[in-house]
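# Architecture and fold: a report
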Amino acid sequence: NTTTATAIIDHPMLVPELLNTTNNTTTTTTNNNTMKTTNSTTTPHMTIIVQLSGELGNQIMKIAYGIGLQHMVQDLFGYIPPMKFRAQPHAKWKHAMIDTKACFPNVRHYDFQECNTREFDRLQQEQVKYLGKEEASKLELRTIGNNATKVQQALQLAQSIAWKRYHEQQQPQQQ
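Values in this document were obtained by computation on a predicted structure and should not be read as measured data.

Definitions and cut-offs
- Residues numbered from 1 in each chain as written.
- Predicted model: local features only at pLDDT ≥ 70, side-chain atom pairs only at ≥ 80, totals over all residues.
- Heavy atoms only, no water.
- Salt bridge = Lys/Arg side-chain N within 4 Å of Asp/Glu carboxyl O.
- Helix = DSSP H or I, 4+ residues; strand = E, 2+ residues; numbered from the N terminus.
- Buried < 20%, exposed > 50% of the residue type's maximum accessible area, 1.4 Å probe, protein only.
- Core = buried A, V, L, I, M, F, W, Y, C linked by side-chain atoms within 4.5 Å.
- Contact = heavy atoms within 4.5 Å.
- Phe/Tyr/Trp six-rings, centres within 6.5 Å; stacked < 30°, edge-to-face > 60°.
- Axes fitted to C-alpha atoms, helices over the stretch in contact; angles between N-to-C directions.
- Parallel < 35°, antiparallel > 145°, perpendicular 65-115°, else oblique.
- Left-handed = near helix turned anticlockwise from the far one by under 90°.
- Nonpolar A, V, L, I, M, F, W, Y, C, P; charged D, E, K, R; others polar.
- Polar contact = N/O pair within 3.5 Å; in protein donor to acceptor, adjacent residues only side chain to side chain.
- pLDDT = per-residue confidence, 0-100.
- Expected span 1.5 Å × (residues − 1).
- Arc of directions from axis to C-beta.

Enumeration according to the criterion identifies four salt bridges in this entry. When the shortest N-O distance is used, the salt bridge between Arg-86 and Asp-121 registers 2.7 Å. Highlighted residues: Arg-86 in strand 4 (residues 83-87) and Asp-121 in helix 3 (residues 118-131), separated in sequence by 35 residues. Classification of Arg-86 by relative accessible area gives buried; the value is 17%.

As C-alpha cells, this is what we get:
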C-alpha cells in the first residue's frame, strides 16, 4: 500500500506521499548469546515535485527552491523528502536540461522527466479528487509564492494529509 500527496514546484508541488518503511535492527549480546530485533516503522512522508520550465536560470531557481524545501522538511519533520522532476512539454527545457547537467554535476543523476507519466497525472488527479480543488491548490506552491510562513503551512498541510491517509489505510487492516 502506498499513500501519495504531492507538492508541485512550478514552483514545487508537495505530494503527501508514499509510505516509507524502514527497518531498524538492534543486536544485543549477553553471555555469548546474540539476539537480533528488527522493528519496522512506516512513516508517511511527502515528495517534492519540481515542475521544470524555461531556460537554465529558471531551472536552477526551481531546483534550488526544491532543495530549500527539502531542508525545511528536514527541520520540521526530521526526514529529507525525495525530490522528483517533471518537465514542461516544450522543447526549450531540453537545452536547459543539457546545460544544467553540464554545469552542475550534482544534478546529473536526476531524471528530469521522471514525473512526466500517465501514472503521475492519475495520482495528481486522485489527489485533487481526494482533497478537493481548493485544498489541493494549497500544495501547489506557485499559488502561494515565496512567503516563508505560507510555505511552512503548505509543508505542514502535506504532512498532515500524509498522516491522515496513512490512518485511513490502517482502518481496514485493524478490523
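Ranked by internal contacts, the top residues of the largest apolar core, which has 27 residues, are Ile-63, Leu-69, Met-83, Phe-85 and Phe-112. Per-element tally for this core: the top contributor is helix 5 (residues 148-174), with six residues. Setting aside residues up to four positions removed in sequence, Phe-112 forms contacts with Leu-52, Gln-59, Ile-63, Phe-85, Arg-86, Ala-87, Trp-93, Met-97, Thr-100, Lys-101 and Val-107.

Turning our attention to the packing of aromatic side chains. All told, the structure shown has two aromatic pairs when counted by the stated rule. With centroids separated by 4.8 Å and ring planes inclined at 85°, the aromatic side chains of Phe-85 and Tyr-110 adopt a geometry described as edge-to-face. Here Phe-85, found in strand 4, pairs with Tyr-110, found in the loop between helix 2 (92-103) and helix 3; they are 25 residues apart in sequence, far enough to count as distant. Each of the two residues, Phe-85 as well as Tyr-110, counts as buried. Chaining the aromatic ring pairs together yields one cluster made of Phe-85, Tyr-110 and Phe-112.

Our next topic: the packing of helix 1 (residues 56-77) against helix 2. Running from amino to carboxyl end, helix 1 crosses helix 2 at an angle of 65°, the nearest separation of the two axes being 8 Å. As summarised for this structure, helix 1 and helix 2 are arranged roughly perpendicular, according to the angle between their axes. Both helix 1 and helix 2 take part in a crossing whose hand is right-handed. Contacts between helix 1 and helix 2 involve Leu-56, Gln-59 and Ile-63 from the first element and Trp-93, Ala-96, Met-97, Asp-99 and Thr-100 from the second. Its residues assigned to classes, the contact of helix 1 with helix 2 comprises five nonpolar, two polar and one charged.

Here Gln-51 shows up in strand 3 (residues 33-52). Here Gln-51 falls in the buried class, since its relative accessible area comes to 14%. A polar contact is formed between the side chain of Gln-51 and the backbone oxygen of Arg-86, at a distance of 3.4 Å.

This part is about the confidence of the model for the protein. Scored by pLDDT, the protein comes out at a mean of 75, with 71% of its residues at no less than 70. Within the protein, strand 4 carries the highest mean pLDDT (89), whereas strand 1 (residues 5-9) carries the lowest (47). Note that residues 1-6 has pLDDT below 50 and, in this model, 38 contacts with residues that lie over four places away or in other chains. Here residues 18-29 scores under 50 on pLDDT; set against residues more than four positions off or in separate chains, the count is 44 contacts.

The terminal C-alpha atoms of helix 2 lie 17 Å apart, and with 12 residues this matches the ideal 16 Å at 1.5 Å per residue to within 8%. Within the span of helix 2, buried status applies to Trp-93, Ala-96, Met-97, Thr-100 and Lys-101. Seen from one end, helix 2 has its buried residues packed into an arc of 130°, which puts them on one side. In this structure, helix 2 carries His-95, Ile-98 and Ala-102 as exposed residues pointing more than 90 degrees from its buried face. Where helix 2 is buried, its residues touch helix 1 and strand 4.

Here we come to the environment of Leu-157. As for its position among the elements, Leu-157 is in helix 5. Expressed as a C-alpha distance, the spacing of Leu-157 and Leu-139, which sit 18 residues apart in the sequence, is 7.7 Å. The contact partners of Leu-157, leaving out residues within four places of it in the chain, are Glu-135, Lys-138 and Leu-139.

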